[in-house]
Amino acid sequence: MKQKWALITGASSGIGAATAKKLAEHGFNLILTGRRKDRLEELAHSLKAGEVVLANFDLLKPSEIEKFCTGHEAYLKKLDVLVNNAGLAKGSELLDQGQLKDWDVMLDTNVRALLHITRAVLPFMVARQEGHIVNMGSVAGRWVYPGGAIYCATKHAVRAFSEGLRMDLLGKNIRVTNIEPGMVNTEFSKVRFDSQAKADAVYEGMTPLSAEDIAETIVWSIARPAHVNIQEIIIYPTAQAHVGMVHRSK
Ligand code: 8X3
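This section reports on the structure supplied with the text. The structure displayed is predicted, hence computed values, not measured ones.

1. Quick notes on the sheet that holds strand E3 (residues 52–56)
Here comes step 1: Reading across the sheet, the seven strands line up as E3-E2-E1-E4-E5-E6-E7 and stay open at both edges, with parallel pairing between neighbours. The open sheet has two free edges, formed respectively by E3 and strand E7 (232–235), since each of these has just one partner strand. Each strand axis lies, on average, 15° off the axis of its neighbour in the sheet, ignoring direction.
Here comes step 2: Note: strand E2 (residues 29–34) against E3, five bridges, orientation parallel. Across the sheet, the residue bridging to threonine 33 is alanine 55, located in E3.
Here comes step 3: Against the sheet, helix H5 (residues 100–128) makes contact with strand E1 (5–8), strand E4 (81–84), strand E5 (131–136) and strand E6 (174–181), and its axis sits at roughly 170° relative to E4, the strand it touches most.

2. What to know about the packing of aromatic side chains
Here comes step 1: Scanning the entire structure with this criterion turns up four aromatic pairs.
Here comes step 2: Summarising the aromatic geometry, the rings of phenylalanine 57 and phenylalanine 68 are spaced 4.8 Å apart at their centres and angled 20° between planes, so their arrangement reads as stacked. With phenylalanine 57 in the loop between E3 and helix H3 (62–71) and phenylalanine 68 in helix H3, this residue pair connects regions lying eleven residues apart in the sequence.
Here comes step 3: Take phenylalanine 57: its relative accessible area is 10%, and that puts it in the buried class.
Here comes step 4: Since its relative accessible area comes to 4%, phenylalanine 68 is described here as buried.

3. A word on helix H9 (residues 211–223)
Here comes step 1: A rise of 1.5 Å per residue sets the reference length of H9, with its 13 residues, at 18 Å; its end C-alpha atoms lie 18 Å apart and thus fit the reference within 8%.
Here comes step 2: All of the buried residues in H9 are Ala211, Ile214, Ala215, Thr217, Ile218, Val219, Ser221 and Ile222.
Here comes step 3: Packing partners of the buried residues in H9 comprise helix H1 (14–25), E4, E5, E6 and E7.

4. Here's the deal with the site of the ligand
Here comes step 1: Residues in contact with the ligand, as listed here, are Ser138, Val139, Ala140, Tyr145, Tyr151, Pro181, Gly182, Phe188 and Arg192.
Here comes step 2: For the ligand, an oxygen atom lies 2.6 Å from a polar atom in the side chain of tyrosine 145.
Here comes step 3: Contact with the protein chains hides 84% of the accessible area of the ligand, taken as 240 Å² for the molecule alone.
Here comes step 4: Among the residues forming the shell around the ligand, the class breakdown is six nonpolar, two polar and one charged.

About the criteria used
Residues numbered from 1 in each chain as written. Predicted model: local features only at pLDDT ≥ 70, side-chain atom pairs only at ≥ 80, totals over all residues. Heavy atoms only, no water. Pairing = 2+ DSSP bridges. Helix = DSSP H or I, 4+ residues; strand = E, 2+ residues; numbered from the N terminus. Axes fitted to C-alpha atoms, helices over the stretch in contact; angles between N-to-C directions. Contact = heavy atoms within 4.5 Å. Phe/Tyr/Trp six-rings, centres within 6.5 Å; stacked < 30°, edge-to-face > 60°. Buried < 20%, exposed > 50% of the residue type's maximum accessible area, 1.4 Å probe, protein only. Expected span 1.5 Å × (residues − 1). Near = heavy atom within 4 Å. Polar contact = N/O pair within 3.5 Å; in protein donor to acceptor, adjacent residues only side chain to side chain. Areas by Shrake-Rupley, 256 points an atom, 1.4 Å probe, with all protein chains shown as cover. Nonpolar A, V, L, I, M, F, W, Y, C, P; charged D, E, K, R; others polar.

Next up, the structure:
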């Protein structure tokens, strides 16, 4: 059987790293991108199977994305799965107090980088008439909450992009899946609030989803037969009914 290749962005931690582990267990060869070289190397050593290519660069710099794409064209040509995982939230101020630099980092990482990498990969998938693009959306891509407008706007953009992709790729045998998790305990909240204490408070008294929960869902979507496209999945922890509606034990 042909060895499959998957590219995962933001693979150095959290959902990206967990997805890399599960895809390796399924026999995938992997191209892993991330900013933290040591973390990527550590992950690569822990993987059970397959060939692993590491690419350490900053998604905030379009020139580095371009360099990565042209430098790895031979791999992109044979890519079966692209997991656009890299993304983050920064800050939770109300809009009149929001930090422009936080907004730019979210827009550049969650939207622009995702678009640029997908654009680089698409012609090869279209030429081969096969492929699967998995985007990391969020419940924030469907609903908005106070202090989260810009993060929510980026995830709404990811959802709109996923829908447009499905339409523009119709008839080309390429699947597009938008994964939409609620609260997941990764470095997400620590990065958002720049504080471990504030991050811990987010998950206090409730059981959030884990990176592995989401990775399992991603891998399940990928493992469906080629004629089955899981378009979107919303995944909340049982203790969360909606954005901002969480049950906590006393
Ligand atoms: C993360 C989910 O509810 O913190 O994408 O926006 S939420």
